[in-house]
Amino acid sequence: MSGSPPSGGGFVRRVGLFQATAINMSQMCGIGPFVTIPLMVAAFGGPQAVIGFVAGALLALADGLVWAELGAAMPGSGGSYVYLRQAFQYRAGRLMPFLFVWTAMLFIPLIMSTGVVGFVQYLGYLAPHLGQTAGDLIGLGVIALVVVLLWRGIENIARITAVMWGVMIASVLLVIIAAVSDFSPHLAFTYPAHAFDLTSGQFWLGFAAGLTIGIYDYLGYNTTAYMGAEIKDPGRTLPRSIIFSILGIMAIYLLLQIGTLGVIDWHRMTDPNDIASTSVASAVLEKTWGKGAADTVTVLILITAFASVFTGLLGGSRVPYDAARDRVFFRPYARLHSRHHFPMLGLATMGAITAVGFLIGRHTDLATLIQLLTTVMVLVQALAQIAAVTVLRTRQPALHRPYRMWLYPVPSVVALVGWLVIYGYADKNSPGRHPIEWSLAWLALGCVAFVIWARLEKVWPFGPKEITEEYLTAPATEPADA
């Protein structure tokens, strides 16, 4: 995730549209849909929960167009880190990219911790008498194993992740096929009274919770933006890879959601004592094809959950490393292991935060954990990046933009409203957990950390601003008529 534009001796642009779309989809579809279907049903109070996945897709599409314009214009590697640095350097120096890394070091491992929570939930199907303490220890053991594997250095990581991706696809397809084989329209499309009462405050509270869960399930649609230096014809490939991956995953999620609702009575998903509330995919397979098939698919889902944590920590640990290497974060994070050449401090830090997040999720609930990570992500990445599109159009009007957001600024406004709904309803959807207050506290602590870091590095506000407009002067990567 280097923030520098590609150089002649750097990354090679070899990733085409098909590969880019597959990369996005592989990051989007992990353990999420297997654990969030019951959460979505509980949020809406019935099978109308499908609304949540559709709303999440619309927010992802609107926000994806923000990523598309920024990624096509600045096709280096780094994603938000680069965009925020370029947009806000004129007034705030390196504050915004620093805060992005600071918040990423919290929300990335929290996303990974949801995968570990899901792992333990589905393990409970195979071991129904698994207690709280045993589950906690197993989850912490999974995190430790992932860190140890990454610490020792893994060869042929691309092959390993490809196999894990294949297992995940097999898991999803098997659940969908099983659901179709015993589908009941009566179960899937019989709604409770007032299910669509738009005048009810309860509907909108459920909608906000569902939107939060929905966007969590779509996270990863921006992966290729972080790989901009390796994308062929990024002005065309990046926007298309984002849009195609969102539409593809939306189709998969809708088939999975509707199929599940057509096999399992939604009331079972809201009963904490029913296996359908924690391992709904296993419940689908057990009802349709029997216990043996359910056990087999549950094992595949456990592999999927492990893979999501493995690949997430692999990539996430590089975020503080690249920022520190570019002198936008604390220098110790730029150190690599002397033998295996991986960022030791970044991996250790994110592994520890993943463990803490896992325990929070286990001793509260998964919905609370999802609410916390999305709330932390909103302020610095989502909202600031939406602002960055307009700021850069004003500050760098001559910047080569091979892709301009369709119907600008409508997608920005839609994304802004969606993220504000998620943020504004966060405390109501997690009563007593105070996710808004925690996100503001983490942001304030990040500002304190920035002041300390800026003082040590003697940069703004303790030194001159360093204005770099490398993408403004960089040669175009493709024609501007994309």
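Data block above holds the structure.
Below you will find a few notes about this structure.

On to the overall build of the protein. If you tally the helices and strands in the protein, you get 20 helices and zero strands. In terms of overall size, the protein behaves like a compact globule, its C-alpha atoms giving a radius of gyration of 22 Å where 482 residues would be expected to give roughly 23 Å. Principal-axis analysis of the C-alpha atoms gives the protein an extent of 65 × 50 × 45 Å. Across the protein, the fraction of contacts at a sequence separation of at least 24, relative to all contacts at a separation of at least 6, is 83%. Of the accessible surface of the protein, which amounts to about 19,100 Å², a share of 66% is contributed by carbon and sulfur atoms. Here the protein holds 29 positive side-chain charges and 25 negative ones, and the gap between their average locations is 11 Å.

Considering all chains together, one arrives at ten salt bridges under this definition. Arg401 serves as the salt-bridge partner of Glu69, at 3.7 Å between the closest nitrogen and oxygen. Here Arg401 lies in the loop between α16 (366–395) and α17 (410–424) and Glu69 lies in helix α3 (residues 50–73), a separation of 332 residues in the sequence. As far as burial versus exposure is concerned, Glu69 and Arg401 are alike and both buried. The shortest N-O distance in the salt bridge between Arg327 and Glu457 comes to 3.6 Å. Of this pair, Arg327 sits in the loop between α14 (318–325) and α15 (344–363) while Glu457 is found in helix α19 (residues 435–457), placing the two residues 130 residues apart along the sequence.

The subject of this paragraph is the packing of aromatic side chains. Under the criterion given, the structure shown has 19 aromatic pairs. Arranged with centres 5.8 Å apart and planes meeting at 40 degrees, the rings of Phe450 and Trp453 form a pair that is tilted. Separated by three residues within a single helix, Phe450 and Trp453 lie in helix α19, roughly one turn from each other. Note on accessibility: Phe450 and Trp453 belong to one class, buried. Among the aromatic residues, ring-to-ring pairing joins Phe98, Phe329, Phe330, Tyr333, Phe450 and Trp453 into one connected group.

On to the nonpolar core, then. For soluble globular proteins, the rule of thumb is that nonpolar side chains tend to be buried together. Counting residues in each nonpolar core, the largest one holds 151 residues, and the members touching the most others are Phe100, Tyr218, Tyr221, Phe329 and Trp419. Among the elements that make up this core, the one with the highest residue count is helix α5 (residues 95–126) (21 residues). Apart from the residues lying within four places of it in its own chain, the contact partners of Trp419 are Leu59, Asp63, Ile215, Tyr221, Met377, Val378, Ala382, Leu383 and Ile386.

So, about a nonpolar patch on the surface. Taken together, Phe183, Phe189, Tyr191 and Phe196 make up a surface patch of nonpolar side chains, about 380 Å² in accessible area. Turning to its location among the elements, Phe183 is positioned in the loop between α7 (157–181) and α8 (185–189).

Our next topic: α14. In terms of residue burial, α14 counts as a mostly covered element, since six of its eight residues are buried. Of all the positions in α14, only Val319, Pro320, Tyr321, Asp322, Ala323 and Ala324 are classed as buried. Considering only its buried residues, α14 is in contact with α4 (80–92), α5, α13 (291–316) and α15.

Calculation criteria
Starting from 1, residues in each chain are numbered consecutively following that chain's sequence as written. Under the rules for a predicted model, residues below a pLDDT of 70 receive no local features and side-chain atom pairs below 80 are neither given nor counted, while totals for whole chains, interfaces and linings still include all residues. Side-chain metrics in this entry use all non-hydrogen atoms of the structure; hydrogen atoms and water are not considered. Starting at the N terminus, helices and strands are each numbered in turn, a helix being any DSSP run of H or I of at least four residues and a strand any DSSP run of E of at least two. Throughout, radius of gyration means the C-alpha value; the globule benchmark is 2.2 Å times the number of residues raised to the power 0.38. Residues are treated as being in contact if the distance between any of their heavy atoms lies within 4.5 Å. Areas reported here follow the Shrake-Rupley algorithm with a probe of radius 1.4 Å; residue values treat only the protein chains shown as occluding. His residues and chain termini do not enter the charge count, which takes Lys and Arg as positive and Asp and Glu as negative. Charged groups are reduced to one reference atom each: NZ for lysine, CZ for arginine, CG for aspartic acid, CD for glutamic acid. Any carboxyl oxygen of Asp or Glu within 4 Å of a side-chain nitrogen of Lys or Arg constitutes a salt bridge here. Throughout this description, buried means an accessible area under 20% of the type-specific maximum (1.4 Å probe, protein chains only), exposed means over 50%, and partly exposed covers the range between. A pair of Phe, Tyr and Trp rings is counted when the ring centres sit within 6.5 Å of each other, with Trp represented by its six-membered ring. The angle between the planes then sorts it: under 30 degrees is stacked, over 60 is edge-to-face, the rest tilted. Remark: nonpolar core denotes a set of buried residues (Ala, Val, Leu, Ile, Met, Phe, Trp, Tyr, Cys) joined through side-chain atoms within 4.5 Å. A patch consists of residues exposed above 30% relative accessible area that lack any salt bridge, with like charges linked at up to 9 Å and nonpolar side chains (Val, Leu, Ile, Met, Phe, Trp, Tyr) linked at up to 5 Å.

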